[in-house]
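The primary structure of each chain is shown beneath.
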Amino acid sequence: MPTFIAHVDADSFYVSAERVRNAALVGKPVAVLGNQGACVIAKSYEMKAKGVKTGEPIWEARKKCPEGVYAKRDFEWYGVLSRRMLQAVQSFSPIIEYYSVDEFFLQVELRENQLDRFAADIRDAVYDQVRVPVTVGIARTRTLAKLVSDTAKPNGAKAIPDRAAEEKMLGRFAVTEVCGIGEKRAARVAPYGVRTALDFIRADGRLVREKLTIVGYELWTELRGERVVPLRRFRAGKQSISRGGSVKGTVVCPMLLWAWAVRNLERLIEELHYEGVVAGKLAVYLVYKAGQALCGEGPLDAPSDRFDLLLDAVRVAVRRAWLPGAPITHVHVVADQLRRERGRQLCLFTQPSPKLEAVARVKREVNARIGRFAVRSGATLPLSRLYQDPAENFDVPDIKGKHCF
Amino acid sequence: MLAGIALTWSELPLDLIHAENLAGRVHERGGEREVRFYWYDYTPLLPVWYEGKLRILRWGNRRRDCRLPHTGCTRRTTIEGGGWAHLNPERVRVPATFGVDRGTWFTVKEGVEGIVVPDEREQPVVYVVCEPATEYYRLMTRSEWMPALLHQTI
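Thresholds, definitions, all that
Along every chain, residues carry numbers that run from 1 in the direction the sequence is written. As a convention, the first chain written is A and the first ligand written is 1, with the rest following in written order. This being a predicted model, a pLDDT of at least 70 is required before a residue's local features are given, and a value of 80 or more before pairs of side-chain atoms are given or counted; all residues contribute to the totals for chains, interfaces and linings. Secondary structure elements are defined from DSSP: runs of H or I of at least 4 residues count as helices, runs of E of at least 2 residues count as strands, and each element is numbered from the N terminus. Exposure is read from a count of other C-beta atoms within 10 Å of each residue's own; the residue is exposed at 12 or fewer, buried at 20 or more and partly exposed in between. C-beta atoms are placed from the backbone. By the convention adopted here, residues make contact when the C-beta atoms placed from their backbones lie within 7 Å. Here the expected span of a helix is defined as 1.5 Å times the quantity of residues minus one. The directions from the helix axis to the C-beta atoms are what the arc is built from. Following DSSP output, two strands are said to pair if at least two bridges run between them. Helix axes are fitted to C-alpha atoms over the stretch in contact, other axes to C-alpha atoms as well, and angles between N-to-C directions run from 0 to 180 degrees. As used throughout, a nonpolar core is a set of buried Ala, Val, Leu, Ile, Met, Phe, Trp, Tyr and Cys residues joined through C-beta atoms within 7 Å of each other. Think of it as three bins: nonpolar holds Ala, Val, Leu, Ile, Met, Phe, Trp, Tyr, Cys and Pro, charged holds Asp, Glu, Lys and Arg, and polar takes everything else, Gly as well. Angular relationships are summarised with four words: roughly parallel below 35 degrees, roughly antiparallel beyond 145, roughly perpendicular across 65 to 115, and oblique for the angles in between.

A. Summary view of the overall build of chain A. Each helix and strand counted, chain A has 14 helices and 14 strands in total. Summarising its shape, the C-alpha atoms of chain A cover approximately 65 × 50 × 45 Å along the three principal directions. The proportion of buried residues among the 405 residues of chain A is 38%. Nonlocal contacts in chain A, meaning residues at least 24 apart in sequence, comprise 63% of its contacts between residues at least 6 apart.

Here is the structure:
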């Protein structure tokens, strides 16, 4: 029996998730705002019809759609629904890639005349079990399946199983609408008459490989119906972890800069513990208002997740990246060269410190019981207002187990 | 500061809509009717769960002849500091589906905190409890103060 790939994609996922728990939002123009409360990160089809775009600031969106309702993001809730969606689609195939918070790829073996019914069954099952509307596209490869679901949105179920139908569909897509081909890549092949996705698959493979590297060549092959990008059933271990972001304005004062760096380090250590890894390398990125971004590395004798050792490394890293007097807009702390905590190689230069480890353990346990950052470094005191703000008690929208952001 | 709230039509009993003459406050959003209560209405009113039932009460005070504070909101710290103690305020829930502040409509889960105090004719008047805006709310609405939302943080 032939093998096909089904792509399941939630329609306006964040908005749909808000509607699951608040029926009053159904049918209304709704937008979900991002972490700072200033930008639209998802919008309903009703709001899209008014011209509101993702990424647009709220003050622009408000002008276009004064009746629009704005909801605060709640990534924890979206994670709950995402896992429920995963459970719902798992009954249709054992081979699944949990691609992103609202997207799944399934490998299925079916006859061509069963595909449309199968797509509709997945769509209906997800809605019945989770109440989130999804669109399902089925095709010979994952790249084609994603395009099929794009054509069937919202709440569609569609299968395009043969070459003739694929070519008809590809002729309607600009090449930039293929996931993985942005404006820059498209510009490289434009001189050769490649405008649509159909032009792209008809281009010479050697030219595609030369101009768009192996990544473009793989897309070209997939769009021609040959599967080269396999479904990833398990997530590979993380290569690096970072924590950081905007400093809510600009920072010039070194005390305040240090407070942000330490806050992000404490968040980073939380994540290192969650993943059960230690950092082999530590770096701090400072983004300046003038536009430049500077990176400083901090020395680590051995891979570690100990606050005192990582703090020393961050101190050096900040000094290396800091331009005195220049306003900073973003501070990121990045842990690289991650290793599993168990079985790591020890170092002669780093003495074990049972006392400091005990302090770290108590800090973790108190925070787990009382609340996040109930015990935190005194260096973060200049940010007390931020810690008191309940709206700030969130972290990045990382839903465990998926592949893509 | 909170400029108004909206309550879906189905949340209000029909006899209350007729008795309080709320027809002029009915609007449509996304094909569904809702009743809106704005602070800048000629007669500002709010729905309130008071004395065991849903009632429509006068919202704050804009009348010069009334000795109650000339505002529609009161800070939580003022209540806790005893600023309203002489009027024996009663804590109430103002049900709402959406709230609006400086033109931004936001979702309300359970409602907004309020207090009810009597005016000089012993008629109940409701004031919305407010608190300093979270950073998120401040960016969203450009407002320094936000209504005290029940079991909800924006």
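B. Highlighting helix α5 (residues 115-130) of chain A. Residue and element names in this part refer to chain A. Here α5 is 16 residues long and its end C-alpha atoms lie 22 Å apart, about the 22 Å a rise of 1.5 Å per residue gives. Looking only at α5, the buried set comprises L115, F118, A119, I122, R123, V126 and V130. Within α5, the buried residues cover an arc of 135 degrees as seen down the axis, which keeps them to one side. In this structure, α5 carries R117 and D128 as exposed residues pointing more than 90 degrees from its buried face. Check the buried side of α5 and you find it contacts β1 (3-10), α4 (75-90), β6 (103-109), β7 (134-139) and β8 (157-159).

C. Quick peek at the sheet that holds strand β2 (residues 30-33) of chain A. If you trace the eight strands from one edge of the open sheet to the other, you get β3(A)-β2(A)-β4(A)-β9(B)-β8(B)-β1(B)-β3(B)-β2(B), paired in mixed fashion. Each edge of the open sheet carries a strand with a single partner, namely β3 (40-43) of chain A together with β2 (26-29) of chain B. The average undirected angle you get between the axes of adjacent strands in this sheet is 35 degrees. Here strand β1 (residues 4-8) of chain B runs beside strand β8 (residues 98-101) of chain B; their pairing, made up of three bridges, is antiparallel. Considered in β8(B), the bridge of B:G4 is made with B:V100.

D. Summary view of the environment of A:T143. Residues and elements named next belong to chain A. Take T143: it is sitting in helix α6 (residues 142-152). Spatially, the C-alpha atom of T143 lies 13 Å from that of L198, the residues being 55 residues apart in sequence. Once residues within four sequence positions are removed from consideration, T143 is found in contact with V178, L219, E222 and L223.

E. Spatial organisation of the nonpolar core. Of all hydrophobic cores here, the largest spans 109 residues; its most connected members are A:A6, A:A31, A:I138 and B:V126. Setting aside anything within four residues of it in sequence, one finds A:A6 in contact with A:L106, A:V108, A:A119, A:I122, A:V136, A:I138 and A:A145. Core analysis: the next-biggest nonpolar cluster, separate from the first, contains 35 residues, A:L257, A:W258, A:A317 and A:A321 among them.

F. Local environment of the environment of A:A125. Within the fold, A:A125 resides in helix α5. Note: C-alpha distance between A:A125 and A:M85 (40 residues apart in sequence) is 9.3 Å.

G. Representation of the interface of chain B and chain A in the model. Across the contact, 20 residues belong to chain B and 25 residues belong to chain A. For the side of chain B that touches chain A, the secondary-structure elements that each account for two or more residues are β9 (104-107) and α3 (135-141) of chain B. Broken down by element, the side of chain B that touches chain A gets its largest block of residues, five residues, from α3(B). Classifying every residue of the side of chain B that touches chain A gives eight nonpolar, nine polar and three charged. Of the strand pairs in this sheet, strand β4 (residues 69-72) of chain A and β9(B) are connected by two bridges, and their pairing is parallel. From the neighbouring strand, A:V69 faces β9(B), where its bridge partner is B:W105.

H. Spatial organisation of the pairing of strand β12 (residues 293-298) of chain A. Residues and elements named next belong to chain A. For strand β11 (residues 281-288) and β12, the ladder comprises six bridges, and the chain directions are antiparallel. Paired with L282 across the bridge in β12 is G298. The antiparallel hairpin formed by β11 and β12 contains four residues in its connecting segment, where G291 sits at a positive phi of about 115 degrees.

I. Just the sheet that holds β6(A), in detail. Residue and element names in this part refer to chain A. The strand order across the open sheet formed by five strands is β5-β6-β1-β7-β8, and the pairing between neighbours is mixed. Across the chains shown, the open sheet's two edge strands, defined by having one partner strand only, are β5 (96-100) and β8. Strand-to-strand, the axes of this sheet are offset by a mean angle of 15 degrees, without reference to chain direction. Two elements, β1 and β7, share six bridges in a ladder whose sense is antiparallel. Considered in β7, the bridge of H7 is made with G137.

J. How the structure looks around unusual backbone geometry. Cis peptide bonds are those with omega within 30 degrees of zero, and the linkage from A:K153 to A:P154 qualifies with -10 degrees. Its place among the elements puts A:P154 in the loop between α6 and β8. We note that B:R142 has phi near 65 degrees; this positive angle belongs to a residue other than glycine. Its location among the elements puts B:R142 in the loop between α3 and β12 (145-147). Classification of B:R142 by C-beta neighbours within 10 Å gives partly exposed; the count is 14.

K. View of the packing of α6(A) against helix α10 (residues 205-223) of chain A. All names here are of chain A. Interaxial distance between α6 and α10 falls to 7 Å at its minimum, and their mutual angle equals 70 degrees. One way to sum up the angle between α6 and α10 is to call them roughly perpendicular. Of α10, the residues touching α6 (which contributes R142, T143 and L144) are L219, E222 and L223. Tallied by class, residues from the contact of α6 with α10 come to three nonpolar, one polar and two charged.

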